[in-house]
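# Structural characterization, general
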Amino acid sequence: MNIEQANQQAVDRMMEARPVLVGIGTARDVIPGMQDNLLLHAGAPITWERASGPMRGAITGALILEGKASSEAEAQQLVESGEIKLEPCHHHNAVGPMAGATSASMAVYIIEDKTYGGMAYSNLNEGYGKVLRYGAYSEEVISRLTWMNETMAPVLKAAIEASGGIDIKALLAEALHMGDEGHNRNKAGSILFLKALAPHIARTCGDSNVAGDVLQAIGDNALSVLNPVMAAGKAMADAAHGIEGSTIVSTMARNGTDFGIRVSGLGDQWFTAPVATPQGLYFPNFSADDASGDIGDSTITETVGIGGFAMAAAPAIVTFVSGTPKDAINTTMEMYEINFAEHKYFTMPQLDFRGTPTGIDIRKVIETGITPRVNTGIAHKEAGVGQIGAGLVRPPMACFEQALIAYAEKYGI
Amino acid sequence: MPYFSYTMSIIKTEIRQGAYYDSIILMQLQAGLADLSGVENVGVMMGTEANKALLKQTNLLTAEAKSALPDDLIIAVQGHDEATVIEALTKIDELLVKRHSAIEEMDYLPQSIEAASKMLPDANWVLVSVPGRYAADVAREALRFNKHVFLYSDNVSTDDEIALKNEAASKGLLVMGADCGTAIVNGIGLGFANQVRRGPIGVVGASGTGLQHVTARIHQLGSGITHALGTGGRDLSETVGAITTRQSLDLLSRDPDTQVIVLISKPPAKSVADNLLRLARSSGKPVIINFIGYHHPAEIPGIQFARTLDHAAELAVMLIKLASTGKPTKVASSTIETTETPEMKLNQARYLRGLFSGGTLAYEALLVLQDYLPVVYSNAPLDEAYKLPNLQTSQSHTIVDLGDDEFTIGRLHPMMDNRLRIQRIQHEVNDPEVALILLDVMLGHGAHPDPASELAPAIQAALEQAKNAGRNLEIVTLVCGTDEDPQDMAAQIEQLQNAGAHVETNNETAVRYVGQQLQSLNQTSGLAPVSLSTLDQPLAVINVGLESFTASLQTQQAAVIHVNWRPPAGGNQKLMDILARMKK
């Protein structure tokens, strides 16, 4: 099999995977290899010493939620002593937005790939403001997480199971026709998610006040579908991973310090380089000086051909960088240069229903000098503050250069 | 009469899970499938209850469709037969992606040839003017996407040029250059080109300014050009071997609009020049050559040597006028007083006619000629497909055994009676396409006592007739006998030679000589032909390099897309090398 054939097989699998949200479980029960003394985080492996502010804050918050620590200092001690281990979500079939902190007792979405049988997991989305994923761990953050775990998760679990599963791929394809790009803008997708859940919540939740609270939480949070979408992305990317000889990127993820990628034909090796700071719009009283480095597993969306790559479908997003709808189209056009295929199922009305650019080819990234464009939220650089804006960012070219050299070595080129 | 209607119709259903499509897209898919031949009815809809009811009304609700879920896409196709329906179902993806047209108001500048060719799918040329260090790779990429290349860049190595041209030739593509300054294809100038009228003269040139000068001069003289094809200055070197020039000559010789071909170049390598002269001679069209400073050989039918670029243009225009008026016309010349009329005796003669009296010799000639000519017709061919349809009339290359029973009914064998062969020689000479006549002359007991006394005058008359008609004709005779034969072999040979025949006494030698002569008259470029559509399709260009070329093509209203080119891998040689190796 030559490179072209290997890549074709990888992107075919990526596109033919059919991730369906089948339920909710507790991390320790469902995530492979999950343990009580293990914390999962976004991006490539990281140590406390090198972790960014938001990452440290999220680790602290997760340990507070687990009742293992009560302060950042205690959290640091637990992690540095090795009592608590840190591992990437990606090493456990999981993904998480921003810091991605996932602890053993957290509720997680369960995605099943109905085509190839793979499983993927993601925590639940907390909404806006001071939230764990941006490194906030105040009491209100912890009490919200507790409510999500104890109240919202069982309601969603019952509804999802009653629905027979929610097809996230079909939902995404429809949302792309409604102004979403699936990463930073999920307004339509979250409403479609709410629409899919609502009748089942009404039927399965005995307490109408609780049902109302959960429906409101899902409906008010335009990012509520992001986490199932990311887990769906993980399932699609994993289907494309491990194809011998393929130069297709199967993971892009950020831990706030390093940007890491993995390549389908290069096994589980990470290729990392320091993250950039996103360019974008900031909430009042914040500026680029306050911004943390790029962080989160949500780049799994771009990895599978949506997010920044589907920018043409979501012109509203370009206002993050003072762009015009034409810039949105140009962003997608640029991404065609470095992707191997055009998506069979994810199409964009703005480009006459052309498929989204799918399957980043490291050869093309190196050749053209074009790195992927990522739509992302921006975290405050200090732990505990939370989200301060949203914008656009690119991975460092060095990740792709390392990967190409590793490919040449592995395959004797 | 019993009447019965018999319709056999097949329905097949494809269910796609997790595929969301806008309803308009589904309606277009439905229409697209319904348009396929043999398809009678199509239903494309999501599996909701309401949609299933609709399918039921049109009898398309199969068991699979019935069990589809609301999120499932149902595609039901009804057709004449199973093959039709299966074929239709295979078209679904094609129809779904068929819609990718360029979006208006798109101002995106692609950064690669691949992206550019998706934005301008009709692009047939890539114009390369990037720095020489990168130019060969860009050209290679263009060939990978099956585009012709106009390689303006210089500083491309000879090895790269040869490799590019060989790859192009194997794909039926042209690489003009490297260092090609000028071309005009189908009315559109590439690189530097003058605004020249369309007309009947085709030009091939290894020199950019030479091409410009000749095409401009043709325009000034009131005529015009079909196409002007550049080759790059090194094309006629021994190492490159005129690959592009040969392709271009071949292309123009097949182009129905080109009536006269002009070939200009600095002096080529001798071996290359010889090869090109043979090719030009076989083009079937008048060729005017100006190998600047080249001492041309003796007169070659069909080829006229011009002294200068101006002279080349003037001769070409005069030939066109001569052809249209039937009489010599003086062309007004501001530079050189051109008074002579071009003597363009177009040599169409290229065929062999072998008129044998000995059957075995004829058979052996057919065998030996296989090494030289793909097809030889005969009354007794090696392959029945090449049986002469009419024994009295030769066609293309022909060898007849006049000693065969079909010819000897009611007359003596041609070894004894020369009349039939003499008649046939006269017949063949009247055909302007005949270049060579091959005869055997059998001596010995029982044969005609003095065959040369009858054949030699016929040979002489034939050669004179051809000469008077301005044609090249050669007559080769094989004399079979011994010095003790009654006819006096030496005298027989002398008579034939005096008449102008080329004489051999060994059959294989004679036939091989004939084969070589004919091969050079039936010269081909030796390369896969470039499709004529290269010349008559509207030019659509991907421009990689100088922006002014994009502007110039836009001015000429050609379809063009500019590639915002940057050095690959940011110019990092190590990464570029890896990428290059990965492409192998």
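Residues numbered from 1 in each chain as written. Chains lettered and ligands numbered in written order. Predicted model: local features only at pLDDT ≥ 70, side-chain atom pairs only at ≥ 80, totals over all residues.

The number of helices and strands found in chain A is 13 helices and 16 strands. In summary, chain A has a C-alpha radius of gyration of 20 Å against a globular reference of 22 Å for 413 residues, a match within 12%. Considering only C-alpha atoms, chain A reaches an extent of 55 × 50 × 45 Å along its principal axes. Across the 413 residues of chain A, 63% fall into the buried class. (Helix = DSSP H or I, 4+ residues; strand = E, 2+ residues; numbered from the N terminus. Rg over C-alpha atoms; globule rule 2.2 N^0.38 Å. Buried ≥ 20, exposed ≤ 12 C-beta atoms within 10 Å, placed from the backbone.)

Along its length, chain B carries 21 helices and 21 strands. Against the globule reference of 25 Å for 584 residues, chain B gives a C-alpha radius of gyration of 33 Å, more extended than a compact globule. If one aligns the C-alpha atoms of chain B with their principal axes, the spans along those axes are about 105 × 80 × 55 Å. For chain B, the proportion of its 584 residues judged to be buried stands at 47%. Contacts spanning at least 24 positions in sequence make up 67% of the contacts within chain B whose residues lie at least 6 apart. (Contact = placed C-beta atoms within 7 Å.)

Buried accessible area, meaning the area lost when the parts come together, often serves as the stated size of an interface. If you look at the interface, chain B gives 30 residues, while chain A gives 31 residues. Every element with two or more residues in the side of chain B that touches chain A is listed here: helix H5 (92-97), helix H6 (113-119) and helix H21 (573-583) of chain B. Looking at the side of chain B that touches chain A element by element, the count peaks at five residues for H21(B). In the side of chain B that touches chain A, the residues fall into 15 nonpolar, seven polar and eight charged. (Nonpolar A, V, L, I, M, F, W, Y, C, P; charged D, E, K, R; others polar.)

Quick look at the nonpolar core now. Core analysis: the largest hydrophobic core is formed by 258 residues, its most contacted members being B:Val128, B:Ala139, B:Val149, B:Phe150, B:Leu151, B:Val262 and B:Ala316. If one sorts the elements of this core by residue count, helix H9 (residues 226-240) of chain A sits on top with ten residues. Filtering out sequence-adjacent residues up to four positions away, B:Val262 remains in contact with B:Ile201, B:Val203, B:Val214, B:Ile288, B:Ala312 and B:Ala316. (Core = buried A, V, L, I, M, F, W, Y, C linked by C-beta atoms within 7 Å.)

What follows deals with the sheet that holds strand S21 (residues 559-563) of chain B. Sheet strands line up and pair through hydrogen bonds in the backbone, either parallel or antiparallel. Residues and elements named next belong to chain B. Taken together, the five strands give an open sheet; going across it, the order is S6-S5-S4-S20-S21, and neighbouring strands pair in parallel fashion. Bordering the open sheet on either side are strand S6 (175-176) and S21, each of which pairs with just one other strand. Of the pairings in the sheet, the one linking strand S20 (residues 540-544) to S21 comprises five bridges and is parallel in character. Bridging from a neighbouring strand, Ala540 pairs with Ala559 of S21. (Pairing = 2+ DSSP bridges.)

Glancing now at the packing of helix H5 (residues 139-163) of chain A against helix H7 (residues 187-204) of chain A. Residues and elements named next belong to chain A. In the contact formed by H5 and H7, the axes pass within 8 Å of each other and the chain directions differ by 110 degrees. Between H5 and H7, the angle is such that the two are roughly perpendicular. For the pair H5 and H7, contact is made by Val155, Leu156, Ala158, Ala159, Ala162 and Ser163 and by Ala196, Leu197, His200, Ile201, Arg203 and Thr204, respectively. Of the residues assigned to the contact of H5 with H7, the class counts are eight nonpolar, three polar and one charged. (Axes fitted to C-alpha atoms, helices over the stretch in contact; angles between N-to-C directions. Parallel < 35°, antiparallel > 145°, perpendicular 65-115°, else oblique.)

Looking now at the pairing of strand S11 (residues 260-265) of chain B. All names here are of chain B. Burial analysis of S11 places six of its six residues in the buried class, the great majority of the element. Neither face of S11 is left uncovered, since the one carrying Val260, Val262 and Ile264 and the one carrying Ile261, Leu263 and Ser265 both have all their residues buried. In this sheet, S11 lies alongside strand S9 (residues 198-205) in parallel orientation, the contact comprising five bridges. Following the sheet pairing, Gly205 is matched in S11 by Ile264.

Spanning 14 residues, helix H1 (residues 3-16) of chain A covers 20 Å between terminal C-alpha atoms, matching the ideal 20 Å at 1.5 Å per step. Turning to H1(A), its buried residues are A:Ile3, A:Asn7, A:Ala10, A:Val11, A:Arg13, A:Met14 and A:Met15. Where the residues of H1(A) are buried, they touch H9, strand S13 (339-348) and strand S14 (354-360) of chain A together with H21 of chain B. (Expected span 1.5 Å × (residues − 1).)

Quick look at the domain arrangement of chain A now. All names here are of chain A. If you check the domain split of chain A, you get domain 1 (16-229) and domain 2 (241-410). Measuring from the centre of the C-alpha atoms in domain 1 to the corresponding centre in domain 2 gives 21 Å. Across the boundary between the two partners, domain 1 contributes 46 residues, which contact 46 residues of domain 2. The element contributing the most residues to the side of domain 1 that touches domain 2 is helix H3 (residues 53-65), with six residues. Along the lines of polarity and charge, the residues of the side of domain 1 that touches domain 2 split into 21 nonpolar, 17 polar and eight charged. (Domains from an automatic or database assignment.)

So, about the confidence of the model for chain B. Residues and elements named next belong to chain B. Per-residue confidence for chain B averages 87 on the pLDDT scale, and 91% of its residues sit at or above 70. Below a pLDDT of 50 lies the segment residues 1-6, which in the model reaches zero contacts outside its immediate sequence neighbourhood of four places, other chains included. Low confidence marks residues 100-104, where pLDDT is under 50. Its contacts with residues over four positions away, or in another chain, come to six contacts. The ipTM for the predicted assembly is 0.88, set against a pTM of 0.75. (pLDDT = per-residue confidence, 0-100.)

Attention now moves to the environment of B:Pro414. Residues and elements named next belong to chain B. For Pro414, the location among the structural elements is in the loop between helix H14 (405-408) and helix H15 (419-429). A tally of 28 C-beta atoms within 10 Å means that Pro414 is categorised as buried. Each C-alpha atom of the pair Pro414 and Val175 lies 55 Å from the other, and the pair is 239 residues apart in sequence.

Okay, the packing of helix H13 (residues 359-369) of chain B against helix H18 (residues 507-521) of chain B next. All names here are of chain B. Orientation of H13 relative to H18, taken along the N-to-C sense of each, is 45 degrees, at an axis distance of 9 Å. With respect to their mutual orientation, H13 and H18 come out oblique. The crossing of H13 and H18 is right-handed. Judged by residue contacts, Leu361, Glu364, Ala365, Val368 and Leu369 of H13 engage Asn507, Glu508, Val511, Arg512 and Gly515 from H18. (Left-handed = near helix turned anticlockwise from the far one by under 90°.)

Let us look at H15(B). Because each turn of an α-helix spans 3.6 residues, side chains separated by three or four positions in sequence point in the same direction. Residue and element names in this part refer to chain B. Those residues of H15 that sit buried are Arg421, Arg424, Ile425, Glu428 and Val429. Buried residues along H15 cover an arc of 135 degrees about the axis, so they all sit on one side. Exposed residues pointing more than 90 degrees away from the buried face of H15 are listed as Arg419 and Gln423. (Arc of directions from axis to C-beta.)

All right, on to the sheet that holds strand S19 (residues 502-504) of chain B then. Residue and element names in this part refer to chain B. The strand order S15-S16-S14-S17-S18-S19 describes an open sheet built from six strands, whose pairing is parallel. Taken across any chain shown, the strands that pair with only one partner, and hence form the sheet edges, are strand S15 (377-378) and S19. Where strand S14 (residues 351-356) lies against strand S17 (residues 434-442), five bridges are found, and the strand directions are parallel. Within S17, the position partnered with Gly354 by the bridge is Leu438. Sheet strands in contact with helix H16 (residues 451-468) are S17 and strand S18 (474-480), and its direction is about 175 degrees off that of S17. In the packing of helix H17 (residues 489-498) onto the sheet, contacts are made with S17, S18 and S19, and the angle to S18 comes to roughly 175 degrees.

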